[in-house]
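Results of the structural survey
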Number of protein chains: 2
Amino acid sequence: MGVVETSTRTIVVPRSGATVAHRNGGESRYARPKVAVDTVLFGVAERRLKSYLVQLKRGTNAGRWAFPGRLVRVGELLDTAARSELEASTGLDDPYLEQLFSFGDPTRDPKAHVVSVAYMALSGDPERVAACGSKYLAGRWFEVAALPPLAYDHSVIAAYALKRLKAKLEYTNIACNLLPRSFTFAELEELYALVLGRALDRRNFRRRILAMGLLRRLPQKRHGAHRPATLYEFFPRSLRTIEML
Amino acid sequence: MGVVETSTRTIVVPRSGATVAHRNGGESRYARPKVAVDTVLFGVAERRLKSYLVQLKRGTNAGRWAFPGRLVRVGELLDTAARSELEASTGLDDPYLEQLFSFGDPTRDPKAHVVSVAYMALSGDPERVAACGSKYLAGRWFEVAALPPLAYDHSVIAAYALKRLKAKLEYTNIACNLLPRSFTFAELEELYALVLGRALDRRNFRRRILAMGLLRRLPQKRHGAHRPATLYEFFPRSLRTIEML
DNA sequence: CCAAAAGTGTTGGCTCTACACCCATGA
DNA sequence: TCATGGGTGTAGAGCCAACACTTTTGG
């Protein structure tokens, strides 16, 4: 048995020679790495930055947590594959999605050479994420600061994604994809502080953000336990990412 | 005939159904996109930013120019594949190399679904680039501002690479990989002006670069037609790229 | 009326840009 | 000696960080 199809990966046992040749076109000459997409989905809940993991059902990594991903099919766009897998495992229909980097170390999956194109996705309301489907044992949010051991090289991917998120928070309006439609300045500031891992000066933050002219002040206020806060929203969402530099 | 091996790409005719199934594991279920690396090599020569192209020998794109690239083999690191292909087509042994982005549109190559992991490479002495080998019809430097029509989606890759180069020039010391070991301030400034496409203030530029503390002043001077210029070199090359922010 | 979060300006330091003249050499 | 590219300083503007008190509401 040279080829095993699991729910997550097509596994080709390497160097098994002629027995595999008729299945996959020949190990030595025609065997090729496969392409997968893996998506790091970020969201903010309970005042923490979280990321969504699924628990693998089969393979050497059965039982371990990983980012939702799958092999790419012929004819499929990479983005489309990432989106469809994400929708299948979280129900999110149209999240912000951005390609990060491709990881191609042949040993990242000990059973097959799979090149993973890593993506980052952002969700504005983690509560709405549902059903991991039958493909995985489970799926849930984990605090980014305390991820469990991950399958494959997914901890490397996690670190890369977080780095990218931090960087883009500073010079783009990417934050709008991590917030609900309307929000208070305090919430926006908390998001920045959460992701960047440091406190921000409220007055300077407010000035800086307003200077960008990306926010629209709403007439409503949010009423809580104390003084009500003005609500804001980002200008048309279609400006998905503005590079501010 | 469902599968054709050319020198550059394994071409799988899509949607040809059962006749192909035994060759490649079955179109519908097991057929997978292949992975290639394509590398945009930059260099400066004759006071122009140039990039190295090779002329394809076979396939639908025979005769067209493209960046050196090939399919990745099972067991191969992406970086290794990019380096080995680059060395094969230019003779460069250890250039600066950086992964850019993966392009996976199934229509980018009309004959097969190949996901291309694009790389950028930099050479400090374009003159030394030799021999394109027998794989390509030809290979030579083209001015970046005047590239010929390119094969596949390589013009998209070219644009992406140039954008990345410009960006990193501003916040890293990546420039050291585009210059010979020692150089004058005028040469460094010219490089920046060339890549960024705008003139720089000589005094401000000098101040800014020196403030970074990455240059070592050499005792020698370069003697030309007029006043000799002080030579500099970057501190140990091993600091390949310093992120300056 | 009190607790708690929302909202608001000013100042000093630093950085960046704009700008013009003298210097050293080879021919 | 002259043509040419090498080398240098300063002043004004804009930007950013530091910093504390008043306002508004719910309870």
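Remember, predicted model here, so these are calculated numbers, not experimental data.

This next bit is on the overall build of chain A. Secondary structure summary: chain A contains 5 helices and 12 strands in total. Classification of the 245 residues of chain A by burial places 51% in the buried group. Split by element, the accessible area of chain A, about 11700 Å² in all, is 52% carbon and sulfur.

Here we come to the protein's contact with DNA strand D. Near DNA strand D, the surroundings consist of 20 residues, among which A:A225, A:R227, B:R202, B:H226 and B:T230 are the closest. Within the side chain of B:R202, an N or O atom sits 2.2 Å from a base nitrogen of DNA strand D. Contributing elements (two or more residues each) for the surface near DNA strand D: α5 (202-212) of chain A together with α5 (202-212) and β12 (229-234) of chain B. With 4 residues, the top contributor of residues to the surface near DNA strand D is α5(B). Among the residues forming the surface near DNA strand D, the class breakdown is 5 nonpolar, 6 polar and 9 charged.

With that settled, the discussion passes to the protein's contact with DNA strand C. The local shell around DNA strand C holds 20 residues, among which A:R202, A:H226, A:T230, B:A225 and B:R227 are the closest. Here, DNA strand C places atoms within 4 Å of the protein, and 40% of those atoms are sugar or phosphate. For DNA strand C, a base nitrogen lies 3.1 Å from a polar atom in the side chain of B:R203. Interatomic distance of 3.4 Å between a side-chain N/O atom of B:R207 and a base nitrogen of DNA strand C.

What follows covers the packing of aromatic side chains. All names here are of chain A. Tallied over the entire structure, the rule returns 18 aromatic pairs over all chains. On the basis of an interplanar angle of 90° and a centroid distance of 6.2 Å, the ring pair of F185 and F205 is categorised as edge-to-face. Here F185 is found in helix α4 (residues 185-196), whereas its partner F205 is found in helix α5, with 20 residues between them in sequence. For the pair formed by F185 and F205, the shared burial category is buried.

The phi dihedral of A:Y152 is positive, around 50°, even though this residue is not glycine. Mapped onto the fold, A:Y152 is located in the loop between β9 (138-143) and α3 (154-171). We classify A:Y152 as buried; its relative accessible area is 18%. One non-glycine residue with positive phi stands out, namely B:R47, at about 60°.

All names here are of chain A. For chain A, the domain assignment lists domain 1 (34-168) and domain 2 (172-234). Relative placement of domain 1 and domain 2: their C-alpha centres are 28 Å apart. Across the domain 1/domain 2 interface, buried area totals approximately 1200 Å², and carbon plus sulfur atoms make up 69% of it. Taken together, the links from domain 1 to domain 2 amount to 1 salt bridge. With a shortest N-O distance of 3.0 Å, R47 and E190 are connected by a salt bridge. Linking domain 1 to domain 2 there are 3 residue pairs in polar contact (both at pLDDT 80 or more). Put simply, the parts of the chain that give the side of domain 1 that touches domain 2 at least two residues each are β3 (34-45), β4 (48-55), β7 (96-103), β8 (114-122) and α3. For the side of domain 1 that touches domain 2, the class distribution of residues is 7 nonpolar, 3 polar and 5 charged.

With that settled, the discussion passes to the nonpolar core. One finds A:V37, A:L78, B:V37 and B:L78 to be the most contacted residues of the largest nonpolar core, which totals 48 residues. When contributions to this core are tallied by element, the ones reaching two or more residues are β3, β4, α2 (78-90) and β8 of chain A together with β3 (34-45), β4 (48-55), α2 (78-90) and β8 (114-122) of chain B. When near neighbours in sequence (up to four residues on either side) are disregarded, A:L78 contacts A:V35, A:V37, A:V72, A:Q99, A:V117, A:Y119, B:S102, B:F103, B:G104 and B:V115. By size, the runner-up hydrophobic cluster in this structure holds 40 residues, among which are B:L122, B:A158, B:L165 and B:L191.

To continue, consider α2(B). Residues and elements named next belong to chain B. Its 13 residues place the ends of α2 18 Å apart at the C-alpha level, agreeing with the 18 Å of an ideal helix rising 1.5 Å per residue. Burial in α2 covers these residues: L78, A81, A82, E85, L86, S89 and T90. Along the axis of α2, the buried residues cluster in a sector spanning 130°; they form a single face. Downstream of α2 by one or two residues, G91 has phi in the positive range, about 85°.

All names here are of chain A. Taken in spatial order, the 3 strands line up as β10-β12-β11 in an open sheet, and their pairing is antiparallel. Only two strands of the sheet have a single neighbouring strand rather than two, namely β10 (182-184) and β11 (215-222). Each strand of the sheet is rotated relative to its neighbour by a mean of 40°, with strand direction disregarded. Pairing between β10 and strand β12 (residues 229-234): 3 bridges, direction antiparallel. Its bridge partner being in β12, T184 is matched across the sheet by L231. Its contacts with the sheet place α4 against β10, β11 and β12, and it is angled at close to 85° to β10.

Attention shifts here to the sheet that holds β12(B). Residues and elements named next belong to chain B. The strand order β10-β12-β11 describes an open sheet built from 3 strands, whose pairing is antiparallel. On the outer flanks of this sheet lie β10 (182-184) and β11 (215-222), each paired with one strand and no other. Across this sheet, the average inter-strand angle for adjacent strands is 40°, counted without regard to direction. Sheet topology places β11 next to β12; 5 bridges connect them, and they run antiparallel. When the bridges of β12 are listed, L215 appears paired with F234. Against the sheet, helix α4 (residues 185-196) touches β10, β11 and β12, its axis set at about 85° to β10.

Calculation notes
- The residue numbering used here restarts from 1 in each chain and proceeds along that chain's sequence as written.
- Key to labels: chains lettered from A, ligands numbered from 1, both in the order written.
- A pLDDT threshold of at least 70 governs which residues receive local features in this predicted model, and a stricter bar of 80 or more applies before side-chain atom pairs are shown or counted, although totals over entire chains, interfaces and linings include all residues.
- Based on all heavy atoms of the structure, the side-chain values leave hydrogens and waters out of the count.
- Only DSSP runs of H or I reaching four residues or more are called helices, and only runs of E reaching two or more are called strands; each is numbered from the N terminus.
- Buried means the residue's accessible area, taken with a 1.4 Å probe over protein chains only, is under 20% of the maximum for its type, while exposed means over 50%, and partly exposed covers the values in between.
- Here the accessible surface of atoms and residues is derived via Shrake-Rupley with a 1.4 Å probe, and residues count as covered only by protein chains that are part of the display.
- The rule for a residue being near a molecule or strand is that one of its heavy atoms must lie within 4 Å of it.
- Definition of a polar contact: a pair of N or O atoms within 3.5 Å, with one able to donate and the other able to accept a hydrogen when the atoms are protein atoms, and with sequence-neighbouring residues admitted only if both atoms are side-chain atoms.
- Note on residue categories: nonpolar means Ala, Val, Leu, Ile, Met, Phe, Trp, Tyr, Cys or Pro, charged means Asp, Glu, Lys or Arg, and polar means any other residue, Gly included.
- Within 6.5 Å between ring centres, the rings of Phe, Tyr and Trp (the latter by its six-membered ring) count as paired, and their orientation is classed by plane angle as stacked under 30 degrees, edge-to-face over 60, tilted in between.
- Residue ranges for the domains trace back to a domain assignment, done automatically or taken from a database.
- Accessible area that two parts lose when put together, with a 1.4 Å probe and added across both, is what the buried area reports.
- Every case where a carboxyl oxygen of Asp or Glu lies within 4 Å of a side-chain nitrogen of Lys or Arg is listed as a salt bridge.
- By nonpolar core is meant a set of buried Ala, Val, Leu, Ile, Met, Phe, Trp, Tyr and Cys residues that side-chain atoms within 4.5 Å join together.
- Contact between two residues is taken to exist if any of their heavy atoms lie within 4.5 Å; hydrogens are not considered.
- Here a helix's expected span is defined as the number of its residues, less one, multiplied by 1.5 Å.
- Each direction from the helix axis to a C-beta atom contributes to the arc, which is the arc of those directions.
- The rule for pairing is simple: two strands pair if DSSP sees at least two bridges between them.
- Axis definition: a line fitted to C-alpha atoms, over the contacting stretch in the case of helices. Angles run 0 to 180 degrees between N-to-C directions.

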